[in-house]
Amino acid sequence: MERVLSGMQPSGYLHLGNLMGALRNWVSLQDRYECFYFVADWHALTTNYQNPSLIRQYTEDLLLNFLAAGLDPEKCTIFVQSRILEHAELHILFSMITPLGWLERVPTYKEKKEEIKDREIGTYGFLGYPVLQSADILIYRARYVPVGVDQVPHLEISREIARRFNYLYKREVFPEPEPLLAEFPKVTGLDGRKMSKSYDNAIYLNDPPELVERKILTMVTDTQRARRSDPGEPERSPVFQLHKVFSSEEERREIAEGCRTAGIGCIDCKRILIKNVFKVLEPIWQKRQELTKRPEILKEIVNDGINRATRVAQETMQIVRETLGMYYP
Ligand code: TRP
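What counts, and where the lines are drawn
- Residues numbered from 1 in each chain as written.
- Predicted model: local features only at pLDDT ≥ 70, side-chain atom pairs only at ≥ 80, totals over all residues.
- Heavy atoms only, no water.
- Near = heavy atom within 4 Å.
- Polar contact = N/O pair within 3.5 Å; in protein donor to acceptor, adjacent residues only side chain to side chain.
- Helix = DSSP H or I, 4+ residues; strand = E, 2+ residues; numbered from the N terminus.
- Phe/Tyr/Trp six-rings, centres within 6.5 Å; stacked < 30°, edge-to-face > 60°.
- Buried < 20%, exposed > 50% of the residue type's maximum accessible area, 1.4 Å probe, protein only.
- Lys NZ or Arg CZ within 6 Å of the ring centre and 35° of its normal.
- Axes fitted to C-alpha atoms, helices over the stretch in contact; angles between N-to-C directions.
- Parallel < 35°, antiparallel > 145°, perpendicular 65-115°, else oblique.
- Left-handed = near helix turned anticlockwise from the far one by under 90°.
- Contact = heavy atoms within 4.5 Å.
- Nonpolar A, V, L, I, M, F, W, Y, C, P; charged D, E, K, R; others polar.
- Domains from an automatic or database assignment.
- Buried area = accessible area lost by both parts, 1.4 Å probe.

**Some details on the site of the ligand**
Close to the ligand lie 14 residues; Gln-9, Tyr-129, Gln-133, Asp-136 and Gln-151 are nearest. At a separation of 3.0 Å, a nitrogen atom of the ligand approaches a polar side-chain atom of Gln-133. In this structure, Gln-151 approaches the ligand through a side-chain N or O atom, which is 2.9 Å from a nitrogen atom. When contributions to the shell around the ligand are tallied by element, the ones reaching two or more residues are strand S1 (3-8) and helix H8 (129-138). Looking at which element gives the most residues to the shell around the ligand, the answer is H8, with four residues.

Shown next, in the form of structure tokens:
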């Protein structure tokens, strides 16, 4: 089986956008590939180094939700980046051969530097973010990396680093990884913008059911439909955007028709959405609850993942050290 690897930064609690956009795709890949999935806690430090205790909380939330959402430890390897020290070793070696120009050109670097004003992120670690990501990927010699389009420039860096390493040391140690871009549903947030923790418009997997219900019931709809008796336009309503992700085609057709003819009201429409969102969340809540009751199981699963990941990472590092001739038994 070909190897797949991906990671998620613990920079917030997991929300429906992450679930539908990334995690569900991870789950679907585990039958067809040998998958390695991890929590990139060092990466979260690059932008949140003032607050490591939060990163710890988010890491635990992610691990719990990975399993609750259906990652199966029998089929895939789940681990935490900072527990595999070899990532750091490979990162430092890569940092020696990566020209600064490659990193300064990365669009996410330039954008984030503009965007983040409340923290000093003109740091060494932040510039080197894609170098660390390259180490994450290449240390497992992964073939495919399921990510969103925003991550493609980072993947390109990892391909360039692989090529440069192989060329400099005249040995094909690292295969060039490829992004695996699935068709992700775009999950709209409560305010109609993209669902994101930074917009404060998200539904989180650990929101209690009452809160999920309240969040949906208080969403804005078509602002031009002032009264129940007025016909509305579903495309103007963020609630309808969510129906596109969570409701069946038939339901969607009925809702659109009902909205345009004032046949149904906004509350009716929201009730259907709540029902369908609950259909996705209920099994996750249930699994989470089981896991929370038995924390030793989660711990065992992650430790087992760490052991499996360590074996592969050590194997690669042995080859790397030998290739460099820097190996002192
Ligand atoms: N940069 C990725 C993100 O923000 C997270 C990440 C870190 C990652 N290391 C990785 C993704 C390696 C894929 C492979 O989403």
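So that's the structure; there's more coming.
**Side note on the packing of aromatic side chains**
The description of an aromatic ring pair uses the distance of the two centres, along with the angle that the planes make with each other. Going through the model one piece at a time under the given rule, you end up with 13 aromatic pairs. Residues Phe-36 and Tyr-140 carry aromatic rings whose centres are separated by 5.1 Å and whose planes lie at 25 degrees to one another, so their mutual orientation is stacked. Here the residue Phe-36 occupies a position in strand S2 (residues 34-39), and Tyr-140 occupies one in the loop between H8 and strand S4 (144-146), the gap between them amounting to 104 residues. For Phe-36, a relative accessible area of 3% puts it in the buried group. Residue Tyr-140 is classed as buried on the basis of its relative accessible area, which comes to 0%. Grouping aromatic residues by their ring pairs yields a cluster made of Phe-36, Phe-38, Phe-79 and Tyr-140. Across from the ring centre of Tyr-199, 4.1 Å away, lies the NZ or CZ of Arg-193, which sits over that ring.

**Regarding the packing of helix H3 (residues 52-68) against helix H13 (residues 266-293)**
H13 packs onto H3 with a crossing angle of 120 degrees between their chain directions and a minimal axis gap of 8 Å. Taken together, the axes of H3 and H13 are oblique relative to one another. Crossing of H3 against H13: the hand is right-handed. Residues Asp-61, Leu-64, Asn-65, Leu-67 and Ala-68 of H3 lie in contact with H13, whose contacting residues are Ile-284, Lys-287, Arg-288, Leu-291 and Thr-292. A per-class count over the contact of H3 with H13 returns five nonpolar, two polar and three charged.

**Thoughts on the domain arrangement of the protein chain**
By a frequent convention, interface size equals the accessible area lost on bringing the separate parts together. Each assigned domain of the protein chain is listed with its residue range as follows: domain 1 (3-187 + 295-324) and domain 2 (209-288). On a C-alpha basis, the centroid separation for the pair domain 1 and domain 2 is 35 Å. Counting residues at the interface gives 13 residues for domain 1 and nine residues for domain 2. For the domain 1 and domain 2 pair, buried surface summed over both sides reaches about 910 Å², with 72% attributable to carbon and sulfur atoms.

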